[in-house]
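Residues per chain, in single letters:
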Amino acid sequence: MEAYVKSDIQNGIGTIEFFHPQSNSMPGTQLRNLAAEIEKLGNDEAVKVIVLKSAGDRTFCAGASFDELISIKDRETGLEFFSGFAHVINAIRQAPKFVLARIQGKAVGGGVGIASAADYTFATDFAAVKLSELAVGIGPFVVGPVVERKVGTSAFTQMAINATEFQSAEWAKEKGLYAEVYANAEEMDEGIQILAKKLANSNPEAMKHLKRVSWEGTENWNELLIERAKISGELVLSEFTINAINQFKSK
């Protein structure tokens, strides 16, 4: 199957689904499309709440596309690519509707950032998390602010430094990343539908104000996350990172 980002609106619930054949990894085009779809539904009066999900069973999002990372040859291209994750996070942050995330499997790197940016995140027992960026010579600079905001400095630093180890879904729930963890996707989807229906029937103005209040202190993120993207865009050009990514791809 080809990569896609698509959306559907039913009874006030706007559902956005993305897919990429390489474990739902994120090339630049996919990131741009995802940010645009979130913005579109956020501005659609027919949508009262947004559910963000990916296709497949065991991987929610594998983070940055290694194929695209290895193709970056200059700082401008690096900045443009890593800005894609910044735009997705900011689209979720700025949407005047609550975004519920469905994490059915592993979330890596940028995938952890998306899960952290959601206003309420559901997961299964299979939804382990890992910030793998340091292992390939970069660092979770773009997603760092949103992950740290959700789990705290200690847990964020633990993931960022121990970049080769997954943390369990229960660990992520204990740290506040996941609001609810279920044994399987079927039970999780029931939980998502219950909350989504409640929110679809709640006061839109009250939810808009509540979302704005909950994100207070992040007003500078349009600039901050781009500054962070510059760091990653420079590091991805290093010989260390190029060799590390090639080693990962050869496994």
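Keep in mind that this is a model prediction, so the values were computed, not measured.

> Any chance you could explain the overall build of the chain here in plain terms?
Of regular secondary structure, the chain possesses 11 helices and nine strands. Radius of gyration (C-alpha) of the chain: 17 Å, near the 18 Å computed for a compact globule of 251 residues. Taken over the C-alpha atoms alone, the chain extends approximately 55 × 40 × 35 Å along its principal axes. Sequence separation of 24 or more characterises 74% of the internal contacts of the chain that already satisfy a separation of 6 or more. When the accessible surface of the chain is totalled, it reaches about 11400 Å², and 50% of it is carbon and sulfur. The chain carries 26 positive and 32 negative side-chain charges, and their two centres are separated by 2 Å.

> What should I look at first to understand the packing of aromatic side chains in this one?
For any pair of aromatic rings, geometry is given as the distance between the ring centres together with the angle between the planes. This model, assessed by the stated rule, comprises seven aromatic pairs. Ring plane angle 80° and centroid distance 5.1 Å describe the contact between Phe81 and Phe82, whose orientation is recorded as edge-to-face. Exposure class is identical for Phe81 and Phe82. Each is buried. Stacked on the ring of Phe126, the Lys or Arg Arg58 has its end atom at 3.7 Å from the ring centre. Sitting over the ring of Phe166, Lys106 keeps its end group 4.5 Å from the ring centre.

> Looking at this structure, I do not really get the packing of helix α5 (residues 144–151) against helix α10 (residues 221–235). What am I missing?
Geometry of a packed helix pair, given as the angle between the helix axes and the separation of the axes. Look at α5 against α10: their axes get within 10 Å of each other, and the N-to-C directions meet at 115°. For the pair α5 and α10, contact is made by Pro145, Val146 and Arg149 and by Trp221, Leu224, Leu225 and Arg228, respectively. In the contact of α5 with α10, the residues fall into five nonpolar, no polar and two charged.

> Sorry if this is basic, but what is going on with helix α8 (residues 185–200) here?
When the terminal C-alpha atoms of α8 are compared, their 22 Å separation across 16 residues agrees well with the 22 Å that a helix rising 1.5 Å per residue should span. Along α8, the positions that sit buried rather than exposed are Met188, Gly191, Ile192, Ala196, Leu199 and Ala200. All buried residues of α8 fall inside an arc of 160° around its axis, so they share one side. Summarising the geometry of α8, the exposed residues directed more than 90 degrees from the buried face are Glu186, Glu190 and Lys198. Residue Asn184 occupies the N-cap position of α8, its side-chain oxygen lying 3.2 Å from the main-chain nitrogen of Glu186.

> Help me out: how do you make sense of the pattern of salt bridges in this one?
A side chain with one charge can pair with a side chain of the opposite charge if their charged atoms come near. All told, the structure shown has nine salt bridges when counted by the stated rule. A salt bridge links Glu17 to Lys53, with the shortest nitrogen-to-oxygen separation between them at 3.8 Å. Residue Glu17 is found in strand β2 (residues 13–19), and its partner Lys53 is found in strand β3 (residues 49–54); the two are separated by 36 residues along the sequence. Across the pair Lys208 and Glu205 runs a salt bridge whose closest N-O atoms are separated by 3.4 Å. Residue Lys208 and its partner Glu205 are both found in helix α9 (residues 204–214); the two are separated by three residues, about one turn of the helix. The network of salt bridges with shared partners includes Lys6, Glu17 and Lys53.

> Before we go on, may I ask you to explain the packing of helix α3 (residues 75–94) against α10 in this structure?
In contact at an axis separation of 8 Å, α3 and α10 are set at 145° when each is read in the N-to-C sense. The element α3 and its partner α10 pack so that their crossing is right-handed. Here Arg75, Gly78, Leu79, Phe82, Ser83, Ala86, His87, Ile89, Asn90, Arg93 and Gln94 of α3 come into contact with α10, specifically with Trp221, Asn222, Leu225, Ile226, Ala229, Lys230, Ser232, Gly233 and Glu234. Split by residue class, the contact of α3 with α10 holds eight nonpolar, eight polar and four charged.

> It is not clear to me how the side chain of Gln30 should be interpreted in this structure. Could you clarify?
By the secondary structure assignment, Gln30 is in helix α1 (residues 28–42). Exposure remark for Gln30: the relative accessible area of 4% places this residue in the buried category. Only 2.7 Å separates the side chain of Gln30 from the backbone oxygen of Phe19, close enough to count as a polar contact. With residues near it in sequence (within four places) discarded, Gln30 still touches Ala3, Tyr4, Val5, Phe18, Phe19 and His20.

About the cut-offs
Residues numbered from 1 in each chain as written. Predicted model: local features only at pLDDT ≥ 70, side-chain atom pairs only at ≥ 80, totals over all residues. Heavy atoms only, no water. Helix = DSSP H or I, 4+ residues; strand = E, 2+ residues; numbered from the N terminus. Rg over C-alpha atoms; globule rule 2.2 N^0.38 Å. Contact = heavy atoms within 4.5 Å. Areas by Shrake-Rupley, 256 points an atom, 1.4 Å probe, with all protein chains shown as cover. Lys, Arg positive; Asp, Glu negative; His and termini not counted. Charge placed at Lys NZ, Arg CZ, Asp CG, Glu CD. Phe/Tyr/Trp six-rings, centres within 6.5 Å; stacked < 30°, edge-to-face > 60°. Buried < 20%, exposed > 50% of the residue type's maximum accessible area, 1.4 Å probe, protein only. Lys NZ or Arg CZ within 6 Å of the ring centre and 35° of its normal. Axes fitted to C-alpha atoms, helices over the stretch in contact; angles between N-to-C directions. Nonpolar A, V, L, I, M, F, W, Y, C, P; charged D, E, K, R; others polar. Expected span 1.5 Å × (residues − 1). Arc of directions from axis to C-beta. Polar contact = N/O pair within 3.5 Å; in protein donor to acceptor, adjacent residues only side chain to side chain. Salt bridge = Lys/Arg side-chain N within 4 Å of Asp/Glu carboxyl O. Left-handed = near helix turned anticlockwise from the far one by under 90°.

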